[in-house]
Amino acid sequence: MSANVHTDKISGWSGTQILRKLAGIRELTILAVIIVLMIILSFVSPAFLTTDNLNTTVLSVVMMAIVSVGMTVALVSGGFDLSVGSVMSMAGVVAGAFVLGGMNIWPAIILALIASFGSGLVTGTFIGRVKINAFIMTLGMQGVIQGVAYVVTQGAPLSVPLPNAFTFLGQGYIWGIPTLIWILMIVIVIADYLMRHAVVAKKVYYLGSNQNAAFLSGIRVGKVQTWIYIVTALLAGLAGILTLSRFSVATPTAGQGMELQAIAACIIGGASLSGGEGSVLGALLGSLLVGIVDDALVLLNVSVYWQSLVIGLVLIGAVTTDVLTHRQKA
Amino acid sequence: MACLVSMEHITKTFSGNTALNDVSLELNGGETHAIMGENGAGKSTLLNILTGSLQPDSGKIIINGKEENFKSPLDASNKGITIVHQELSTFPHLTVGENILVGHLPQRFGLVDRRKIVESIKYYLDFFGVSFTANTLVKTLSIPEQQVVEIIKSLIVESAHTYVFDEPTSSLGDEDVGKLFKLIEGLRQQGKAVVYVSHKFDEIFRISNRITILRDGNMVGTGTAESYNAESIIRLMVGRSLDHIYPPHGQPSEKVLFDVNNLSAGPKCKHVSFKLYQGEILGLFGLVGAGRTEIARAIVGANKKQSGDLSLNGKKINIKKIQDSISNGVFYLTENRKIEGLFLKMSILDNVVVTDLDSVSSSGLLRHNLAKKKTLSAMEHLHVKAHSSAQLVQSLSGGNQQKVMVTKWLERQPKVLILDEPTRGIDVGAKAEIHQLLRDLSNKGVGVIVISSELPEIVGLSDRVLVVYDGSIMAELRKEQITEDMIMHYASGLEVNERLG
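Here is what the cut-offs are and how they apply
- Residues numbered from 1 in each chain as written.
- Chains lettered and ligands numbered in written order.
- Predicted model: local features only at pLDDT ≥ 70, side-chain atom pairs only at ≥ 80, totals over all residues.
- Heavy atoms only, no water.
- Helix = DSSP H or I, 4+ residues; strand = E, 2+ residues; numbered from the N terminus.
- Areas by Shrake-Rupley, 256 points an atom, 1.4 Å probe, with all protein chains shown as cover.
- Contact = heavy atoms within 4.5 Å.
- Buried area = accessible area lost by both parts, 1.4 Å probe.
- Salt bridge = Lys/Arg side-chain N within 4 Å of Asp/Glu carboxyl O.
- Polar contact = N/O pair within 3.5 Å; in protein donor to acceptor, adjacent residues only side chain to side chain.
- Nonpolar A, V, L, I, M, F, W, Y, C, P; charged D, E, K, R; others polar.
- Expected span 1.5 Å × (residues − 1).
- Buried < 20%, exposed > 50% of the residue type's maximum accessible area, 1.4 Å probe, protein only.
- Phe/Tyr/Trp six-rings, centres within 6.5 Å; stacked < 30°, edge-to-face > 60°.
- Pairing = 2+ DSSP bridges.
- Axes fitted to C-alpha atoms, helices over the stretch in contact; angles between N-to-C directions.
- Patch = residues over 30% accessible without salt bridge, like charges linked within 9 Å, V, L, I, M, F, W, Y side chains within 5 Å.
- Lys, Arg positive; Asp, Glu negative; His and termini not counted.
- Charge placed at Lys NZ, Arg CZ, Asp CG, Glu CD.
- Domains from an automatic or database assignment.

> Which parts of the structure should I look at to understand the overall build of chain B?
Looking only at helices and strands, one finds 18 helices and 24 strands in chain B. Carbon and sulfur atoms make up 50% of the accessible area of chain B, which totals about 21,700 Å².

> So what exactly am I meant to see when it comes to the interface of chain B and chain A here?
By a frequent convention, interface size equals the accessible area lost on bringing the separate parts together. The partner chain A presents 31 residues to the 40 residues of chain B that form the contact. Carbon and sulfur atoms supply 60% of the area buried between chain B and chain A, which totals about 2,900 Å² over both sides. For the pair chain B and chain A, the number of links is two salt bridges. Viewed at the interface, chain A and chain B are joined by ten residue pairs in polar contact (both at pLDDT 80 or more). Of all the secondary structure elements, the ones that give two or more residues to the side of chain B that touches chain A are helix H10 (322-327), helix H11 (337-341), helix H12 (348-353), strand E20 (365-366), helix H13 (368-381) and helix H14 (398-410) of chain B. Tallied by class, residues from the side of chain B that touches chain A come to 20 nonpolar, ten polar and ten charged.

> Could you clarify how one ought to interpret helix H5 (residues 105-128) of chain A in this entry?
Owing to its 3.6 residues per turn, the α-helix aligns residues three or four sequence positions apart on the same side. Residues and elements named next belong to chain A. Over its 24 residues, H5 extends 34 Å from the first C-alpha to the last, a length consistent with the 34 Å expected when each residue adds 1.5 Å. Packed against the buried residues of H5 are helix H4 (84-100), helix H6 (134-153), helix H7 (164-171) and helix H11 (221-247). The backbone nitrogen of Trp 106 has a side-chain oxygen 2.9 Å away, supplied by the residue at the start of H5, namely Asn 104.

> Just checking my understanding: could you explain the side chain of Ser 279 of chain A for this structure?
Residues and elements named next belong to chain A. Note on placement: Ser 279 falls in the loop between helix H12 (258-268) and helix H13 (280-299). Judged by relative accessible area, which is 15%, Ser 279 ranks as buried. The residues contacting Ser 279, other than those within four sequence positions of it, are Glu 27, Thr 72 and Tyr 205.

> Honestly, the packing of aromatic side chains in this entry has me stumped. Any pointers?
Centre-to-centre distance and the angle between the planes together describe a pair of aromatic rings. The full count for this structure, using the stated rule, is eleven aromatic pairs over all chains. Here Phe 80 of chain A and Phe 135 of chain A contribute two aromatic rings whose centre-to-centre distance is 6.1 Å and whose plane-to-plane angle is 85°, an arrangement assigned as edge-to-face. Here the residue Phe 80 of chain A occupies a position in the loop between helix H3 (51-76) and H4, and Phe 135 of chain A occupies one in helix H6, the gap between them amounting to 55 residues. With a relative accessible area of 18%, Phe 80 of chain A lands in the buried category. On the basis of relative accessible area, Phe 135 of chain A is assigned to the partly exposed category, the value being 41%. Chaining the aromatic ring pairs together yields one cluster made of Tyr 123, Tyr 124, Phe 127 and Phe 128 of chain B.

> Sorry if this is basic, but what is going on with the sheet that holds strand E16 (residues 307-312) of chain B here?
Working definition: the strands of a sheet are paired by backbone hydrogen bonds and lie parallel or antiparallel to each other. Residues and elements named next belong to chain B. Pairing in this open sheet of four strands is antiparallel, and the strands run E14-E13-E16-E17 from one edge to the other. Strands at the two margins of the open sheet, each flanked by one partner only, are strand E14 (272-277) and strand E17 (315-317). Between one strand axis and the next, the sheet turns by 20° as a mean value, whatever way the strands run. Packed on one face of the sheet, helix H9 (residues 292-300) meets strand E13 (256-264), E14 and E16 and runs near 110° to E13.

> Explanation requested: a positive patch on the surface in the structure shown.
The grouping of Arg 129, Lys 131, Arg 220 and Lys 223 of chain A at the surface amounts to a positive patch. Summarising the element assignment, Lys 131 of chain A is placed in the loop between H5 and H6.

> Sorry, what's going on with the domain arrangement of chain B here?
Residue and element names in this part refer to chain B. Annotation of chain B at the domain level lists domain 1 (1-80 + 159-169 + 183-239), domain 2 (88-158) and domain 3 (279-304 + 315-500). The distance between the C-alpha centroids of domain 1 and domain 3 comes to 34 Å. Every contact between the two is made by eleven residues of domain 1 and, on the other side, 13 residues of domain 3. Approximately 1,000 Å² of surface area, both sides summed, lies buried where domain 1 meets domain 3, with 60% of it carried by carbon and sulfur atoms. In this structure, the connection of domain 1 to domain 3 is made through zero salt bridges. Connecting domain 1 to domain 3 are zero residue pairs in polar contact (both at pLDDT 80 or more). Listing elements by their share of the side of domain 1 that touches domain 3, those giving two or more residues are helix H7 (201-207) and helix H8 (230-238). No other element matches H8, which puts five residues into the side of domain 1 that touches domain 3. Class assignment of the residues belonging to the side of domain 1 that touches domain 3 gives a composition of five nonpolar, two polar and four charged.

Set out below in structure tokens:
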């Protein structure tokens, strides 16, 4: 070992250095904010720290968190996906329509996921191969896929008779915890592991960090981009199917506005619109923070009309803090 | 003759490197003053200071006897100094008239007066005999036409007394060059001062009255145009002692390692053919814009090629896209470290393993310990100075960044390595290390092609030199032919002009 290359160890660092390093990790900052918020809320409102309330709080953000995982991948690559809300609506509606047409729910789910995959494939191909700007392409697909959902339902929600085995996913409990939360945890654990260890995920980070360098280093930029939008669409499709299971109704507007909520959650969790940054854990924590803030407003008897205002402020606050701390470092 | 502008004892340093050292320049009314020097001699810095884009560390600018401090290009323009930039800076979605009159658009009741625009630029459009009008959108013009727009934009400033032209003819046809020279001559006769920067000797001798030559930030000669000829200028431009010892030359064998035949890819790479022999370092020299980078990018498939056959060790290889060249062991190291070379916000490890992810992963998952082991040994091999393999590349010095970039290709066992400006912007020590590394690679049988605009580097390092001019290979120089004078002679296109003239 040459004198210039030290091994990767923390020894020799002072305590303040470690503290500063930890403060630089966005996920920990958000986690700290969440914990502080929870402590305050438990004092202000005795109803907060009850299993029921916590379950409700998390349940309200399960779909957002699942969609945010996909959005994280897109954001890390330097892109984003405005069509996820429409895909989410479409997947639920497609599955519901097939069931109403006499099909068993399980093959109907497979078909809904195939439809989501197809949507992602189209989006990804146009962005990755034809080189259409991600904003334009996903905005266009938002309209197209939403249109499919409207056409299938003729605009009205479909009441779908569903077997208990399926509604268990959206309405059941395992050991006192809603099945949906278990599903979310599985998605998070797998996605987080893959984002940190999978070669293909590494390529997403390369792409978002410097697309020119990625190209010259031999990474197939177009192919990676295509897969990114397939992943966002599949996760949105999953969220749509779970929504159907939760409410037993296929609504053509089930995912409306989800794309911006998911982007907000990811950004609060440390992702950056310029790419190269972001993590699955950050997306989860960003979603949870949004959920807890919503819940706090309810518990504090603040009118629901304040909700969007407060969430908007949280987003701006999180990003401003980040910009200011980064500026200090430079 | 009246001295309009005088720059006195100008010194400018960039993070420790002296770009200009005590340079003085007098611009007289009624005189065209040419400034010459090789890439990096300090011409651009001098012009940027004169036109307010940069501020000198010391020294002063005196206009009509009054000392001026330019804080911005607008300041300089208000004091009568206007420039035609080498790079086009047009607004493509606006009209020709709006481009030319940007900043002082004629108005009527707060609205743009289109008729006035047409009137005020008519003279110049007619003079150049252009096929477009004041209302044509600039994005529909060809590059030479856009350059004409750019030129008119600076000529239209009638209050100016000093006109600066920074390689204005780089994309003009002969006819337009003639017209431009007529305009410059007109300005001179009106008593204006003209500064003209170009690499092209025939142009310099055609229009300049006075010539100043820069080398390494110092003024090494100034005098009337009659007192110089091409040879004496070249000698002044390049005459310098080598600043460090280069590794000994190699013993190239007769065996052809890599053969490029009739490669064409756009206007900057025309019918390029050459051979690379086992054990040699091949230098590829050309002035900025000559097409060196385009040739390299076409070889590795980063740019589309129209024609061209490549063979490696006598076997034809088919390179359509960049992955093809990488799988054949032909690698290209970009000149543009920050923009297309490195992942600045990622770790050293990430930057090193990017080219060879397969070898540090199994069943699609990264093996972090293996990647770290490989990176650490590569860092040790190239003496990369860093705390750990997890350090972010943006926090490294230029020399260490460059080493990291070289490392990512070395990890993949190159057969042919094309390095574009491998030592740009790094310190002397790191330079010497990279030169030694390249020689070692070459001795081990790796084909090494070095593209550089630094003459001493090309002369010191290469066993053979190809000189590129205007997208073609002008000359192949061997052994004692490899001198800075000879290379510059071909790189300036003198040979072409002699042939034509």
